[in-house]
Amino acid sequence: MSSSSSGSGDPKKMRLLSLTLYRWKPDHPVELSSHYDLSHFPFFQRKTVQEHIRFHSRLICARTPVGRRQSVEFEQNLGNCHVYVHPSGLAAAVLTSAEYPMRVAFSMLSEVLRLFQDKYGGQWENTDADRSIGFTEGDEYVKKFQNPAEADKLTKVQKDLDEVKDVMLKSIEDLLQRGETLDSLMQKSTDLSQTSYQFYRTAKKNNQCCQLY
Amino acid sequence: MACVDRTAEFFEITEQLSSHIPHVAKPRQPGHVESHFNVVADEVGREIHTGSLKLQELAKLAKQRGIFNDKTAQIQELTYDIKQTITGLNTKIETLDRAAREGFSHNRHERQHATSIVEALKTRLLELTKDFKDILQLRTEIMKKQDNRRKMYGDTMASSSASSAYPFQHTSPEAAANIDMEGGQQTQLLDRGTTYHTSRAEAVENVQKVIGELAQIFQRVAGLVQEQDEMIRRIDDDVDTTLANVRAGQTALLDYFHRISSNRGLILKIFLILVFFVVFFVIFLA
């Protein structure tokens, strides 16, 4: 891969670079639709990067047997290419940065494939040349999955649960502190009640004529 | 004394006798059942012995803990074999038992003898099956452990192959393969398709665990709040008592103050003295 800005290991920079759908053929899959998000690359490199991505996705897709998922990692943490070939012959390849979780990428692939199949079910089985079927949802998906934490339900649930756990732990600490305060209060109130009782007795004793005992 | 070598004679006689024995040994008593019984019992005993030998071998094979030289096929074969033997022995012992009970209607001692033989054989067979069962359990445990170890190895092998990146690497252990790209690029296959499923399963398990922990945390919170509720109640009671005491004390002090600030005592005392003097003078002077 020529240039890349996603190799620094920053967990916030999980990016989805491209999504390509193919009709699977063992040597040269037929491209059905492709979507890119190369906004992080400098403008003049985008064309070359796009060509590279097309080439690599096609090659990796060709090497993947039908009905299997595969992930290929590029050198020096440039990124990953996740490919899923559906048993029906429809394949999808997605290029992501290195930190992008594999599970989210594959779930996205499955979803996209299902949607594509529903929408263009009969149209792709016979193509032999690269086409560009107007699959607008592809772009939407690429955009949506730029942030895997929000798009993937499982990640979202995990994140929420972690937040809730943090909040609960904090509230437990606060509760413990409250317990301590209450404890000291209780101590003080017992002292107070005893002292006031003494006060009452002494005052009462003053009133009655001393019995001299 | 004169030693006569009669070995040749001895051998002749033994040969004669051995040729006679098959005729002599069989119909010793009425009914072929007994000798047949003995023969079958003998067979059963021998088979039990071989079965136990095979079981020992199976135990040795099963105890092997190496991950890579897997003798599963042999173990399966042997297990099957032993199982067959055991079932065969079972049926034979059943027939023996029945025969022992039906035959020997005349001779009580023989029947007892036969039944005791059958009992002994049954206990031996029972021991054998118990050992067999133990070995099978042991084997499943070991297989589970091996699977764990294999999974660990598989994972570490996959990650180590993913992290090491030297050019034009050819083959790597089980889970990695290569794709040489043009222009000297280096890429590596990360993992097989099943890792996707395992990672999903892991994620769900994680979520479950977190939910469980949360449930625990909530229970702790409830316990703490309960305790503190009691503490607050006690504080409330104490404060009420204090209030009552202080009020009463204040009333008492107020009375005291009134008592002190009023002149009632003084007036009373002066009056009493006056009355005393009047009375004294009246009595004294009258």
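Above this text sits the structure in question.
Residues numbered from 1 in each chain as written. Chains lettered and ligands numbered in written order. Predicted model: local features only at pLDDT ≥ 70, side-chain atom pairs only at ≥ 80, totals over all residues. Heavy atoms only, no water.

**Observations concerning the layout of surface pockets**
Thinking step 1. Here the second largest pocket is characterised by a volume of approximately 320 Å³.
Thinking step 2. Taken together, 13 residues make up the lining of the second largest pocket; nearest its centre are A:Ser107, A:Glu111, A:Asp152, A:Lys153 and B:Arg200.
Thinking step 3. Secondary structure elements with two or more residues in the lining of the second largest pocket: α2 (102-119) and α5 (153-207) of chain A together with α5 (194-261) of chain B.
Thinking step 4. Here the lining of the second largest pocket gets five residues from one element, more than from any other, and that element is α2(A).
Thinking step 5. Its residues assigned to classes, the lining of the second largest pocket shows four nonpolar, two polar and seven charged. (1 Å grid on protein atoms, 1.4 Å probe; cavity = no way out; pocket = protein on both sides within 12 Å on 5 of 7 lines; lining within 4 Å. Points joined across faces, edges and corners; volume = space filled by probe spheres on them. Helix = DSSP H or I, 4+ residues; strand = E, 2+ residues; numbered from the N terminus. Nonpolar A, V, L, I, M, F, W, Y, C, P; charged D, E, K, R; others polar.)

**A closer look at the environment of A:Leu38**
Thinking step 1. Structurally, A:Leu38 can be placed in the loop between β2 (30-36) and α1 (46-63).
Thinking step 2. Each C-alpha atom, one on A:Leu38 and one on A:Leu17, is 6.1 Å from the other, the two residues being 21 residues apart in sequence.

**Details of the pattern of salt bridges**
Any two side chains of opposite charge can pair, given that their charged atoms come close.
Residue and element names in this part refer to chain A.
Thinking step 1. Going through the model one piece at a time under the given rule, you end up with 12 salt bridges over all chains.
Thinking step 2. For Glu137, the salt bridge identified is with Lys119, shortest N-O distance 3.0 Å. On the criterion of sequence distance, the pair formed by Glu137 in helix α3 (residues 136-144) and Lys119 in helix α2 is long-range, its members being 18 residues apart.
Thinking step 3. Taking the relative accessible area as the measure of exposure, Lys119 reaches 39% and is therefore partly exposed. (Salt bridge = Lys/Arg side-chain N within 4 Å of Asp/Glu carboxyl O. Buried < 20%, exposed > 50% of the residue type's maximum accessible area, 1.4 Å probe, protein only.)

**Here's the deal with the interface of chain A and chain B**
Thinking step 1. Listed by partner, the interface residues are 50 residues for chain A and 51 residues for chain B.
Thinking step 2. Summing the contributions of chain A and of chain B, the shared interface buries around 4,600 Å²; its carbon and sulfur component is 69%.
Thinking step 3. Per-residue buried area on chain A facing chain B is highest for A:Glu73, A:Met186 and A:Asn207; these three make up 12% of the total on that side.
Thinking step 4. At the boundary of chain A with chain B, the tally comes to one salt bridge. (Contact = heavy atoms within 4.5 Å. Buried area = accessible area lost by both parts, 1.4 Å probe.)

**With respect to α1(A)**
All names here are of chain A.
Thinking step 1. Here α1 is 18 residues long and its end C-alpha atoms lie 26 Å apart, about the 26 Å a rise of 1.5 Å per residue gives.
Thinking step 2. Of the positions making up α1, those classed as buried are Val49, Ile53, His56, Ser57, Arg58, Leu59, Ile60, Cys61 and Ala62.
Thinking step 3. Considering only its buried residues, α1 is in contact with β1 (16-23), β2, β3 (69-74), β4 (80-85) and β5 (90-96). (Expected span 1.5 Å × (residues − 1).)

**A few points about the pairing of β3(A)**
On any regular strand, side chains alternate: one points to one face of the sheet, the next to the other face.
Residues and elements named next belong to chain A.
Thinking step 1. The element β3 is extensively covered by neighbouring structure, given that six of its six residues are classed as buried.
Thinking step 2. Of the two faces of β3, the one lined by Arg69, Ser71 and Glu73 and the one lined by Gln70, Val72 and Phe74 are each fully buried.
Thinking step 3. Here β3 pairs with β4 via five bridges, running antiparallel. Within the sheet, the bridge partner assigned to Arg69 lies in β4 and is Tyr84.
Thinking step 4. Between β3 and β4, which pair antiparallel in sequence order, lie five residues; one of them, Gln76, sits at a positive phi of approximately 50°. (Pairing = 2+ DSSP bridges.)

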